[in-house]
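One letter stands for each residue in the lines below.
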Amino acid sequence: MAVEPFFPCGRCEACRDGRYSACSGRPSLYSFVATGVPPSLWGGHAEYLYLHPNSILHKLSPDLPADLAVLFNPLGAGVAWAVQVPGTGLGDVVVVLGAGQRGLCCVVALRAAGAGTIVVTDLSAAEDKLRLARELGADHTIAADREDAVARVRELTGGRLADLVVDVSAYATRPVTDALEMVRTGGTIVLAGLKGGREVPGFIIDKVVQRQITLRGVWGVQGPAYKQAIQIIQSARFPLERLRTHAFALDEAEIAIRTLAREAPDSEGAVHVVIRPGYAD
Ligand SMILES: [Zn+2]
């Protein structure tokens, strides 16, 4: 079973309308509830999990290895943010800003949905992730600190620009202003990366107005996206095992987290880091 991280109140207007990521009641997230709250097993790094009555579950094939199954969460975000929310269609030209786990999952979801040209940008320090993006189906990758990303998108699209730009980069604000220059008139920008509460310098709202751009913020993922993500994983059409770069036993959880933050000695190339209870390398 896959357990959605979010458990909504189930009673507010948004929940009753099926938009539970907009729950205005008392929603919560597994691993975001303090262990002092009974019965304490609120997810995270443990062998057991308390299933809150409002939990949303998805069936998985019993043959699916747990390491692949857990990708339903980031891949669900890729399906929701890059495909379902913007309504991406066959042949659409898409730029993904940020080649982290969620950016890479956007690439997989876009390929599965029949997108056309897919371009992924990140910094040159993330060259390993950009290489992985190409392996997973990106047509072009751009090291944004070495090349002029906007000029490159213009060139790659023959001046047509992108139908959709998805920003999954964390903290950096430059991708937001770049997105405005990369999207075609009438195109869509999906904003999924939080910027630490900072303002975006150089953001000219007139460009949104005059070029009729749709700006869409996304927060969380809902059931239909998880369902499609599970179908993609179970189809075995993509080398998703390439996303899992590191695996740790439960008592190595701290090293696992430091690896993901690239602070541990062997964290080179970390993308998807799993903790497997009962696993020892
Ligand atoms: Zn609710």
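Enquirer: Can you help me understand the packing of helix 3 (residues 72–84) against helix 4 (residues 101–112) in this one?
Expert: Geometrically, a packed helix pair is captured by the angle between its two axes and the distance between the axes. Where helix 3 meets helix 4, the closest approach of the two axes is 7 Å, and the angle between their N-to-C directions is 65°. For helix 3 against helix 4, the interelement crossing comes out right-handed. Together, Pro74, Leu75, Ala77, Gly78, Val79, Trp81, Ala82 and Val83 of helix 3 and Gln101, Arg102, Cys105, Cys106, Val108, Ala109 and Leu110 of helix 4 make up the contact between the two elements. Looking at the contact of helix 3 with helix 4, its residues break down into 12 nonpolar, two polar and one charged.

Enquirer: Sorry if this is basic, but what is going on with the sheet that holds strand 7 (residues 140–143) here?
Expert: Backbone-to-backbone hydrogen bonds pair the strands of a sheet. The strands run either parallel or antiparallel. If you walk across this open sheet you meet the six strands as 7-6-5-8-9-10, and the pairing is parallel. The two strands at the open ends of the sheet, each matched to only one other strand, are strand 7 and strand 10 (214–217). Within the sheet, the average angular offset between the axes of one strand and its neighbour, ignoring direction, is 15°. As paired strands, strand 5 (residues 94–97) and strand 8 (residues 162–167) are joined by four bridges and run parallel to one another. Bridge assignment links valine 96 to a residue of strand 8, and that residue is valine 166. Sheet strands in contact with helix 7 (residues 174–182) are strand 5, strand 8 and strand 9 (183–191), and its direction is about 175° off that of strand 8.

Enquirer: Help me understand helix 5 (residues 127–135) in this model?
Expert: Helical geometry: 3.6 residues make up each α-helical turn, so side chains three or four residues apart lie on a common side. Listed in full, the buried residues belonging to helix 5 are Lys129, Leu130, Leu132 and Ala133. The buried residues of helix 5 all sit within an arc of 155° when viewed along its axis, so they share a single face. The secondary structure elements touched by the buried residues of helix 5 are helix 4, strand 6 (118–122) and strand 7.

Enquirer: For this particular structure, what's the right way to read the domain arrangement of the chain?
Expert: In many analyses, interface size is given as the accessible surface area lost on bringing the parts together. For the chain, the domain assignment lists domain 1 (1–58), domain 2 (72–217) and domain 3 (241–281). Taking the mean C-alpha position of each, domain 2 and domain 3 sit 27 Å from one another. On the side of domain 3, five residues touch domain 2, which itself brings six residues to the contact. For the side of domain 2 that touches domain 3, the secondary-structure elements that each account for two or more residues are helix 4 and helix 5. Looking at which element gives the most residues to the side of domain 2 that touches domain 3, the answer is helix 5, with four residues. Residue composition of the side of domain 2 that touches domain 3, by class: two nonpolar, one polar and three charged.

What counts, and at which threshold
- Residues numbered from 1 in each chain as written.
- Predicted model: local features only at pLDDT ≥ 70, side-chain atom pairs only at ≥ 80, totals over all residues.
- Axes fitted to C-alpha atoms, helices over the stretch in contact; angles between N-to-C directions.
- Helix = DSSP H or I, 4+ residues; strand = E, 2+ residues; numbered from the N terminus.
- Left-handed = near helix turned anticlockwise from the far one by under 90°.
- Contact = placed C-beta atoms within 7 Å.
- Nonpolar A, V, L, I, M, F, W, Y, C, P; charged D, E, K, R; others polar.
- Pairing = 2+ DSSP bridges.
- Buried ≥ 20, exposed ≤ 12 C-beta atoms within 10 Å, placed from the backbone.
- Arc of directions from axis to C-beta.
- Domains from an automatic or database assignment.

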